[in-house]
Amino acid sequence: MTSTLVTGPSGAGTKSRAARLVDTAARTWRTNLAALPTLAAVVIFIAMIVYGEAAYGRILQYNTISNLLINNAHLVIIAVGMTFVILTGGIDLSVGAVIAFSSVAGLMLANAGWPAWVVIALMIGFGTAFGVASGVLIQFFNVQPFIATLAMMFLARGLASTLSTKPERLSDESPVRSLATKFKVIDGERVNDLVLTPGVLIAVLVIAVGFFVLHRTRTGRTVYAIGGSEPSAALMGLPVVRTKLWVYAISGTLAGLAAVVYTARLGIAQNITGIGWELDAIAAVVIGGTLLTGGAGYVLGAVVGALVLGLMNVLITRDGGIRPEATTIITGGILLVFVLLQRALTARKRE
Amino acid sequence: MSTTERRTVGGLRVLMRRQFFWGIIAILLLLLVNVLKDPSFLSVSVNSTNGNLVGNLVDILRASAPILMIAVGMSLVVATGGIDLSVGSIMVVAGAVSMEFLKANGQSGGVALGALGAALAVSALLGVVNGILVSVVGLQPFISTLVMMLAGRGLAKVITSGQNTAASNGPFRWIANGYVIGLPVVVLLAVVVVLLVALVVRRSALGLMIEAIGVNPKASRMAGIKPRGLLITVYALSALLAGIAGVFATASVMTVDVSRTGYQLELDAILAVVIGGASLAGGKFSMGGAVVGALLIATLDKTIVFLGVSSSATPAFKAAVIIVLCLLQSERVRNLFTQRRAARARAPKESVTA
């Protein structure tokens, strides 16, 4: 928040500068009202860290943070894809099932002796195929996004189940698993190291590319324009058809990529992998301040949202006293608190 | 052409123009597939000892009862431009409440009524919470009901302490397994509830007002429709119907499975509504369409079991049916058909000009 900058020592000479600062701060505030929910998410995230540190300890240390990043890399990746879709005012329910199909098919191919890079390319490719199929249904046959991606969700889940209903295992020597090799970035004392995996780096790359595409390219502006008003975007001559196809293709591709990262980490895939992840991704996007109606939101918000969900799981495990059957109530409750807080914040500022 | 003949042709044409026409065709096709597999599939016989009707068609109707309930509720919610993702979880809450009530209170018919009342009251209460979140707090329906979906299943688990509670109570069991004049009680109850809801919304201005909210909330408010009470009523009704569905689903086995009862049934309900021709954007609903959609899903489930396909592959078949139906309902494919028909009619003329 830039307004805190003003509270410095204010002499006679700096007064005009302070006034100018207030001016700039007020202007940034006014022009960035849309960023407010995202800001709220960041604040709440920090509050959760502080609370966790105070109540349970050992939150703000290297290995907890490393685990948070490593365990949620796949969720971050699908949340970025989901941001694109939701920004256009659509929704993608198929990502969890696509991850299931992609991982099961990929592991079976890898176990059949296919070279690792072909397997990885195919896993991502399966995702793209499902995404494009949703996009074609939505764009050319006028099927509502909810229904089209629901159909893809059923299709992917059903196909994954016909491939195998048993957990498929990947041998530890498989090159695909090298995507999950941990390397130390900062060597802390004893086991308290900052470790990263190529999977985390992939997630960071996805965030960076997603951020660049959404905020610095014509395609990105078109995504926001479609979410604002699709007919207006079309009347302005923006490539609505192409962009909407792109958006679902991106979401599908990122689901495929998430499948690679996830299976590399666990080495196991099953037809029931990823049930409900689409809801996690949607929740992450919403917590991050993106409107489900489209047109407003940020990739970084979705990343914060995904990390909030991950941190919540860490806190629930750390607490230990919470009965397992109550965890979904807490998840729901925290989601509700988030949207209510954002609602309160934005409602006050818009008046 | 006699008048009756003309009327049936006219009726057929009206039916064809209905969105759920293809749903009916799909049901007939699925039944045909079953008949090809086993010619006696459609036969309904009377059990000689107790006079009850038995047969696959009766099974399908019985299985469709819970989906029918939630589909009808969902169609009203969807008409307001909302969505209710929590119906599956509310089903399991209703099941958990009734089973715990029966387990604690015993066998009598009064206890069965009490369990029913408690289950429906809790369900309706959760629906009211949904409605308040949507209309008073102003949250998006998707998020409000997503929260309720997560919290509801957790609540059911807390109510039964994570166990799959079983109970025994004759009258309660009768709701799902009993027969009246040879017909399953559950089917009769479902029909009565659907007719009741249809009568209330279509014979009063209620349905029109619900659709008005979906068409344009601002305009409907300016026209004097108070959205708050109406939205709360609609979400409460959807939850109440989900509660009835939960009672149906648990009474048939007298056990509530906290992680599986009603699981993902909200998706089936939404599908039923869409197959019936409603747009998720809101603004219209069709009771007939929702009924056709629910029957189609029940028929599909039965067909897959009957054909001996592994039940884990069921989603793939559902996907195929959805995709085909959506394609048939889409403008582009329809235009393709009409253009071809028009081209055929024009063909002789064009050959002259060319």
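Residues numbered from 1 in each chain as written. Chains lettered and ligands numbered in written order. Predicted model: local features only at pLDDT ≥ 70, side-chain atom pairs only at ≥ 80, totals over all residues. Heavy atoms only, no water.

Student: Where do I start with the packing of aromatic side chains in this structure?
Tutor: Both the distance between ring centres and the angle between the ring planes are used here to describe each pair of aromatic rings. Residues and elements named next belong to chain A. According to the stated counting rule, one finds seven aromatic pairs over all chains in the structure shown. Ring geometry for Tyr262 and Trp277: centres 4.8 Å apart, planes at 80°, overall edge-to-face. With Tyr262 in helix H10 (residues 240-266) and Trp277 in helix H11 (residues 277-287), the pair connects residues that are 15 residues apart, well separated along the chain. On the basis of relative accessible area, Tyr262 is assigned to the buried category, the value being 14%. (Phe/Tyr/Trp six-rings, centres within 6.5 Å; stacked < 30°, edge-to-face > 60°. Helix = DSSP H or I, 4+ residues; strand = E, 2+ residues; numbered from the N terminus. Buried < 20%, exposed > 50% of the residue type's maximum accessible area, 1.4 Å probe, protein only.)

Student: For this particular structure, what's the right way to read the layout of surface pockets?
Tutor: Where empty space is left can be seen by rolling a probe of water-molecule size over the atoms. Looking at the second largest pocket, its volume works out to about 1,500 Å³. Lining the second largest pocket are 41 residues, with Arg260(B), Tyr263(B), Leu265(B), Asp268(B) and Asp301(B) positioned closest to its centre. Elements supplying a minimum of two residues to the lining of the second largest pocket: helix H6 (145-163) of chain A together with helix H3 (56-79), helix H11 (227-251), helix H12 (265-275), helix H13 (287-306) and helix H14 (314-329) of chain B. A per-element tally of the lining of the second largest pocket places H3(B) first, with six residues. (1 Å grid on protein atoms, 1.4 Å probe; cavity = no way out; pocket = protein on both sides within 12 Å on 5 of 7 lines; lining within 4 Å. Points joined across faces, edges and corners; volume = space filled by probe spheres on them.)

Student: Got a minute to help me understand the side chain of Glu266(B) in this structure?
Tutor: All names here are of chain B. Relative to the elements of secondary structure, Glu266 occurs in helix H12. Only 3.4 Å separates the side chain of Glu266 from the backbone nitrogen of Gly88, close enough to count as a polar contact. Dropping the residues within four chain positions of it, Glu266 is found in contact with Met74, Asp84, Leu85, Val87, Gly88 and Met149. (Polar contact = N/O pair within 3.5 Å; in protein donor to acceptor, adjacent residues only side chain to side chain. Contact = heavy atoms within 4.5 Å.)

Student: Please clarify how the confidence of the model for chain A should be interpreted in this entry.
Tutor: Low-confidence regions, as indicated by low pLDDT, have predicted coordinates that should not be scrutinised in detail. With 92% of its residues at a pLDDT of at least 70, chain A reaches an overall mean of 85. In this model residues 1-12 of chain A is a low-confidence stretch, pLDDT under 50, and it forms seven contacts with partners more than four residues away in sequence or in other chains. (pLDDT = per-residue confidence, 0-100.)

Student: How should I be thinking about empty space enclosed by the protein in this particular structure?
Tutor: All names here are of chain B. Taken as a whole and judged by the stated rule, the model has one cavity of 30 Å³ or more. The calculated volume of the largest cavity comes to roughly 40 Å³. If you go around the largest cavity, the residues you meet are Leu271, Ile275, Leu296, Ile297, Leu300, Lys318, Val321 and Ile322. Mapped onto the lining of the largest cavity, the elements with two or more residues apiece are H12, H13 and H14.

Student: Explain the interface of chain A and chain B to me, please; I cannot follow it from the model alone.
Tutor: One widely used convention gives an interface's size as the accessible area the parts lose upon coming together. Between chain A and chain B, the residue contacts involve 40 residues of the former and 44 residues of the latter. The contact between chain A and chain B buries some 3,500 Å² in all, and 80% of this surface belongs to carbon and sulfur atoms. The interface formed by chain A and chain B includes zero salt bridges. There are four residue pairs in polar contact (both at pLDDT 80 or more) connecting chain A and chain B. Class assignment for the residues of the side of chain A that touches chain B results in 26 nonpolar, 10 polar and four charged. (Buried area = accessible area lost by both parts, 1.4 Å probe. Salt bridge = Lys/Arg side-chain N within 4 Å of Asp/Glu carboxyl O. Nonpolar A, V, L, I, M, F, W, Y, C, P; charged D, E, K, R; others polar.)

Student: What exactly am I supposed to notice about the pattern of salt bridges here?
Tutor: Where charged atoms from two side chains of opposite charge approach closely, those side chains can pair. All names here are of chain A. In the structure shown here, the tally under the stated rule is five salt bridges over all chains. Between Lys244 and Glu230 there is a salt bridge, and its shortest N-O distance comes to 3.2 Å. Of this pair, Lys244 sits in helix H10 while Glu230 sits in helix H9 (residues 230-235), and the two are 14 residues apart along the sequence. On the accessibility criterion, Lys244 (11% relative accessible area) is buried.

Student: How should I be thinking about the side chain of Ser94(A) in this particular structure?
Tutor: Residue and element names in this part refer to chain A. Take Ser94: it is sitting in the loop between helix H3 (62-87) and helix H4 (95-111). A relative accessible area of 2% means that Ser94 is categorised as buried. Setting aside anything within four residues of it in sequence, one finds Ser94 in contact with Thr149, Met152 and Met153.

Student: Teacher, can you tell me more about the nonpolar core here?
Tutor: Considering soluble globular proteins, one finds that nonpolar side chains tend to be buried as a cluster. Formed by 184 residues in total, the largest nonpolar core has its most connected members in Phe146(A), Ile147(A), Ile282(A), Phe142(B) and Phe172(B). It is H3(A) that contributes the most residues to this core, 13 residues altogether. In contact with Ile147(A), not counting residues within four places along its chain, are Ile270(B), Leu271(B), Val274(B), Leu280(B), Ile322(B) and Cys326(B). Judged by nonpolar contacts, the second largest core, of 14 residues, contains Phe41(B), Ala298(B), Leu300(B) and Ile304(B). (Core = buried A, V, L, I, M, F, W, Y, C linked by side-chain atoms within 4.5 Å.)

Student: Looking at this model, I keep getting lost on helix H7 (residues 170-177) of chain B. Mind explaining?
Tutor: Residues separated by three or four positions in an α-helix point in the same direction, a consequence of the helix having 3.6 residues per turn. All names here are of chain B. Here H7 has its buried residues at Phe172, Ile175 and Ala176. Down the axis of H7, the buried side of the element spans an arc of 85°, and every buried residue falls inside it. Where H7 is buried, its residues meet H3, helix H4 (87-105), helix H5 (109-137), helix H8 (185-203) and H11. Capping the start of H7, Asn169 holds a side-chain oxygen 3.0 Å from the backbone nitrogen of Phe172, two or three residues further along. (Arc of directions from axis to C-beta.)

Student: I keep staring at unusual backbone geometry and nothing clicks. Help me out?
Tutor: For residues besides glycine, phi is generally negative; the peptide bonds are generally trans as well. Backbone geometry places Asn142(A), a non-glycine residue, at a positive phi of 60°. Note that Asn142(A) resides in the loop between helix H5 (116-140) and H6. Looking at Asn142(A), the relative accessible area reads 59%, which means it is exposed. You will see that Gln264(B), though not glycine, has its phi angle at about 60°, which is positive. Mapped onto the fold, Gln264(B) is located in the loop between H11 and H12.

Student: Just checking my understanding: could you explain the UniProt feature "transmembrane region" (unreviewed entry) in chain A for this structure?
Tutor: All names here are of chain A. In this structure's numbering, the residues bearing the UniProt feature "transmembrane region" (unreviewed entry) are residues 34-56, 68-87, 143-160, 194-214, 245-263, 298-316 and 328-345. Secondary structure within residues 143-160 divides into 89% helix and 0% strand; the distance between the first and last C-alpha atoms comes to 24 Å. Measuring from the first to the last C-alpha atom of residues 194-214 gives 30 Å, for a span that is 81% helix and 14% strand. (UniProt positions renumbered as here; feature names shortened; annotations may be inferred.)

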